[in-house]
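Chain by chain, the residues:
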Amino acid sequence: MSAISLSLGLAFLVVAFWPRLRRFFWTLQVPGPLLPRGIKGNLVDFMAQPRTFGPSMVAKYGPLYRVYTNNCGALLAIGDPVLAQQLYQDQANMAKPLDAGLGCYLQRFLGDAMGLASGRKWTNIRKAFRVPLSPATADASLANIEASLDQWEEETLEPLARSGVAVTVPEVVAMMPITVMLNIFFGHKFVRRHSAELARLTEDADVIMKTALYNRLACTSLYRHLPTGPNRTLASFQHNWAGILQAYETSQERREGEGGAIDSVVDFMNSSQAGSITFSEVADTMSEIIFTNQDVLSPAISWLLTDLVVYPHQAQSLQLASNSGLMDRATLQDQQPHLLNLIKESARVHPFFPLSIPEVLSKDVQLGGFSLLAGTTVSIDQYSINMNPQYWQEPSTFRPERFEDSDAFRDKWSLFRFGFGARRCPGQHYGNLVLANVTARLLARWRLVPVGMEGVTHHELVPMVPGNFAMMPDIKVRLEDSGENKNAQQNVAMDVFSRGKENRKMETKELSSEVKENSKNETKDVTLEGKENSIKETKGVSPEGKEIIERTSKNVSSEGKANNEKETSDESSEGKDCNQENNNALNTPVLCEA
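For the structure given in this document, a descriptive report is provided here. (Residues numbered from 1 in each chain as written. Predicted model: local features only at pLDDT ≥ 70, side-chain atom pairs only at ≥ 80, totals over all residues. Heavy atoms only, no water.)

## Some thoughts on the overall build of the protein chain
Convention followed: Starting at the N terminus, helices and strands are each numbered in turn, a helix being any DSSP run of H or I of at least four residues and a strand any DSSP run of E of at least two. Relative accessibility decides the category of a residue: with a 1.4 Å probe and only protein chains considered, values under 20% of the type maximum give buried, values over 50% give exposed, and everything between is partly exposed. Only heavy atoms matter for contacts: two residues are in contact if any of them lie within 4.5 Å across the pair. Computed by Shrake-Rupley with a 1.4 Å probe, the accessible areas treat only the displayed protein chains as cover when residues are assessed.
In terms of helices and strands, the protein chain carries 29 helices and 9 strands. Within the protein chain, buried positions represent 58% of all 594 residues. Summarising the internal contacts of the protein chain: among those between residues at least 6 apart in sequence, 81% fall at separations of at least 24. For the protein chain, the exposed surface amounts to about 24100 Å²; the carbon and sulfur share of it is 53%.

In structure tokens, the structure reads:
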């Protein structure tokens, strides 16, 4: 009898898990390590040798190879731009694993976020966040970005310069990236008023992300039932983060039009379309945008500043004196091409995640001579793609001018930065904007003096923080005032910001019109808490920002207005698709490379 029961049990398991077992055995045809190295698989190898492990796997197994991720899941890594092009042109809208390949703890943290959603759920969340993630809103956020940089100078740069203490570059960057994102989405006045609560949330989010990335047991489903500190931190974070979102909805700053980009999401929730998205989806998506991007934006800024230390002539070649305040996207593209190329080159040689967020094949496909089944998990080996000598001449050389004569294929498929496919990272419109203005602000007054960097004359010689999944530089600098007069810098004419102001305001109004019209026609509004609230008209730009725009409007030239009407040339056609509604779409990453 027991033998029959055992046989039936085994038969049931085989039937239940047969699709997964079939995919696993099918992936064994692709060359790679036969067995995983523990519960975290080969992620530990990528973290131990981030610059060399991927290329060594390509050299040993070919441009399509098999590795293992959390919970011993098999993953196929793509290390060649041609294979990436073939895959994403065949199926551009692939879904994401619910745990992003990092295990159950991350799924509990971001389970309802846009970046891990698929199908109709993704479509509805993307629709709610269409306005705050648009190019127009990025440009309209310059006043809040400026407030973030002012705070960075006041609280971090000036004390460091006075102390004369040598610190690492990430310590110079400090918490500025999170401050920037908080100010963009909530407005700097609300963020200042709730600074203590947001500081605690930032600390909790750091614990959560480190647990998801480095705790071997946390990736299992068993971990949620254990009385651990990270479990309590996660529960506390989710409760307190919900409180911040609810406080913002009824805040004085929002009522008086001094809020941030999330205003349009609140309006969406209070409109007739409110039933299409839940509060949990808003909360998790905002967690994803604000807190997980600390592991994206912070490395991007840290490596860019490190490159300016290693290659000081690059900083000297930038003409940023008249742009010390604010640059919009059009100004960066048209007036600062070398700065834009510097940002791209830094991203190319420092792909701070060794592997991209995994994606799941939506149908069977032939790739690299192998037949891959629907449901197979794939990822991009970023270092192998970005450093491929077939497409980049002397790939180890730091040469920003290479982008001056780059062709469309290399720009689109040989540089993995904001992702591949029709659904590239929707946060891409903020990436270059923040990096450019951070660089301009720093170089306008400050100088990074290297400490103990004798012999470090090449970016590949820069040591990295060991054991990190996100690659971070580990060099020390001392901050010095460059001798420029701060007040003179602050009084520089703001023509950069004012160019095209009317076009930016009109674009923001057009993008917001659908949300606002629905909001005005509601007789009973659904609030984030499910209570009745009246809807205030959202102002896309704070009164402070409008005052700056109006004060400088006289400086707007007709040439500047025309420049702002153009789309930025580096936005590919698939990048533009990122802003289109697609009810058949499966997914897009917000957890993306900046």
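## Section: the pattern of salt bridges
The condition is simple: Salt bridge, as applied in this entry: a Lys or Arg side-chain nitrogen positioned within 4 Å of an Asp or Glu carboxyl oxygen.
Within the structure shown, the criterion is met by 20 salt bridges. Salt-bridge contacts for D481 lead to R445; the nearest nitrogen and oxygen are separated by 3.0 Å. Remark: R445 occurs in helix α23 (residues 428-445) and D481 occurs in strand β9 (residues 476-481); sequence separation between them is 36 residues.

## Some words on helix α13 (residues 229-249)
Definition in use: A helix is expected to span 1.5 Å multiplied by its residue count minus one. The arc in question is traced by the directions running from the helix axis to the C-beta atoms.
With 21 residues, α13 should reach 30 Å at 1.5 Å per residue; the first-to-last C-alpha distance of 31 Å fits that figure. The set of residues buried in α13 consists of P230, N231, T233, L234, F237, W241, A242, I244, L245, Y248 and E249. All buried residues of α13 project into a common sector of 165° when viewed along the axis, lining one side. Exposed side of α13, more than 90 degrees from the buried face: R232 and H239 are the residues found there.

## Notes on the sheet that holds strand β2 (residues 74-78)
Here is the rule: DSSP-based pairing: two strands are paired if at least 2 bridges between them are found.
Taking strand neighbours across the sheet as the criterion, the 4 strands line up as β1-β2-β7-β4 in an open arrangement whose pairing is mixed. Since the sheet does not close on itself, it has two edges, and those belong to β1 (64-68) and β4 (359-360), each with one partner. Here β1 runs beside β2; their pairing, made up of 5 bridges, is antiparallel. Bridge pairing links L64 to I78 in β2.

## A short note on the sheet that holds strand β8 (residues 446-451)
Our working rule: Between N-to-C directions, angles span 0 to 180 degrees; the directions come from axes that are lines fitted to C-alpha atoms, helices contributing only their stretch in contact.
Across the sheet, which stays open at both edges, the 3 strands sit in the order β3-β9-β8 with antiparallel pairing between neighbours. Only two strands of the sheet have a single partner each, and these edge strands are β3 (167-168) and β8. The sheet contact formed by β3 and β9 spans 2 bridges and is antiparallel. Residue pairing for β9: V167 is matched across the bridge by V477. Taken strand by strand, helix α8 (residues 142-163) contacts β3, β8 and β9, and its axis lies near 50° from that of β8.

## Comments concerning the packing of α13 against helix α16 (residues 279-292)
For any two helices packed against each other, the geometry is given by the interaxial angle and the distance between the axes. Basically, it comes down to this: Angles are sorted into four bins: roughly parallel if under 35 degrees, roughly antiparallel if over 145, roughly perpendicular if 65 to 115, and oblique for all others. Residue type decides the class: Asp, Glu, Lys and Arg count as charged, Ala, Val, Leu, Ile, Met, Phe, Trp, Tyr, Cys and Pro as nonpolar, and the leftover types, Gly among them, as polar.
In contact at an axis separation of 10 Å, α13 and α16 are set at 100° when each is read in the N-to-C sense. One way to sum up the angle between α13 and α16 is to call them roughly perpendicular. For the pair α13 and α16, the contacting residues are F237, W241, A242, L245 and Q246 in the first and F279, A283, M286, S287, I290 and F291 in the second. Class assignment for the residues of the contact of α13 with α16 results in 9 nonpolar, 2 polar and no charged.

## Comments concerning unusual backbone geometry
Unlike most non-glycine residues, A174 shows phi in positive territory, near 55°. Classification of A174 by relative accessible area gives partly exposed; the value is 23%. At E394, a residue that is not glycine, the phi angle is positive and equals roughly 45°. As for its placement among the helices and strands, E394 is situated in the loop between α21 (382-386) and α22 (408-413).

## Looking at a nonpolar patch on the surface
As a reminder of what qualifies: For patch detection, residues must exceed 30% relative accessible area and be free of salt bridges, and they are connected within 9 Å for like charges or within 5 Å for nonpolar side chains (Val, Leu, Ile, Met, Phe, Trp, Tyr).
A surface patch of nonpolar side chains, about 430 Å² in accessible area, is lined by F25, L28, L34 and L35. Looking at the secondary structure, you find F25 in helix α1 (residues 2-27).

## A look at the side chain of H350
The criterion, for reference: By the criterion applied in these results, polar contacts are pairs of N or O atoms within 3.5 Å in which, for protein atoms, one can donate a hydrogen and the other can accept it, and in which residues neighboring in sequence qualify only through two side-chain atoms.
In this structure, H350 sits in the loop between α20 (337-349) and β4. A relative accessible area of 5% means that H350 is categorised as buried. Polar contacts involving the side chain of H350 include one to the side chain of D307, which spans 2.9 Å. Setting aside anything within four residues of it in sequence, one finds H350 in contact with W303, D307 and H459.

## So, the packing of aromatic side chains
How two aromatic rings sit relative to each other is given by the distance of their centres and the angle of their planes. Defined as follows: In this scheme Phe, Tyr and Trp rings, the latter by its six-membered ring, pair at centre separations within 6.5 Å, and the angle between planes marks the pair as stacked below 30 degrees, edge-to-face above 60, and tilted otherwise. A ring has a charge above it when a Lys NZ or an Arg CZ is no more than 6 Å from the ring centre and no more than 35 degrees off the ring normal.
As enumerated under the stated definition, the model contains 18 aromatic pairs in all. Between F237 and W241, the ring centres sit 6.3 Å apart and the planes meet at 20°, which makes this aromatic pair stacked. Linking F237 with W241, this pair stays in helix α13, spanning 4 residues, or about one helical turn. Plain terms: the ring middles of F352 and F353 are 5.5 Å apart, the flat faces sit at 70° to each other, and that makes the pair edge-to-face. One aromatic cluster is present, formed by F109, F186, F190, F237, W241, Y248 and F291 through successive ring pairs. Sitting over the ring of W392, R348 keeps its end group 5.5 Å from the ring centre.

## Topic: the nonpolar core
To be explicit about the condition: We define a nonpolar core as any set of buried Ala, Val, Leu, Ile, Met, Phe, Trp, Tyr and Cys residues linked to one another through side-chain atoms lying within 4.5 Å.
The biggest cluster of nonpolar side chains holds 121 residues, and the ones touching the most others in it are F129, F185, F186, W241, M286, I290 and L339. The element best represented in this core is helix α17 (residues 294-310), accounting for 10 residues. The contact partners of F129, leaving out residues within four places of it in the chain, are V265, V282, T285, M286 and I289. Within the second largest apolar cluster, 20 residues are counted, among which are L76, V378, I385 and F420.

## A closer look at the pairing of strand β7 (residues 377-380)
Working note: regular strand, side chains alternate between the two faces of the sheet. Of the two faces of β7, both are covered, the one formed by T377 and S379 as well as the one formed by V378 and I380. Summarising the sheet, β2 and β7 pair through 3 bridges and their orientation is parallel. Paired with A77 across the bridge in β7 is S379. By the bridge criterion, 2 bridges tie β4 to β7 in an arrangement that is antiparallel. Among the inter-strand pairings, E359 is bridged to a residue of β7, identified as V378.

Geometric descriptors of this kind do not, in isolation, establish any biological role.
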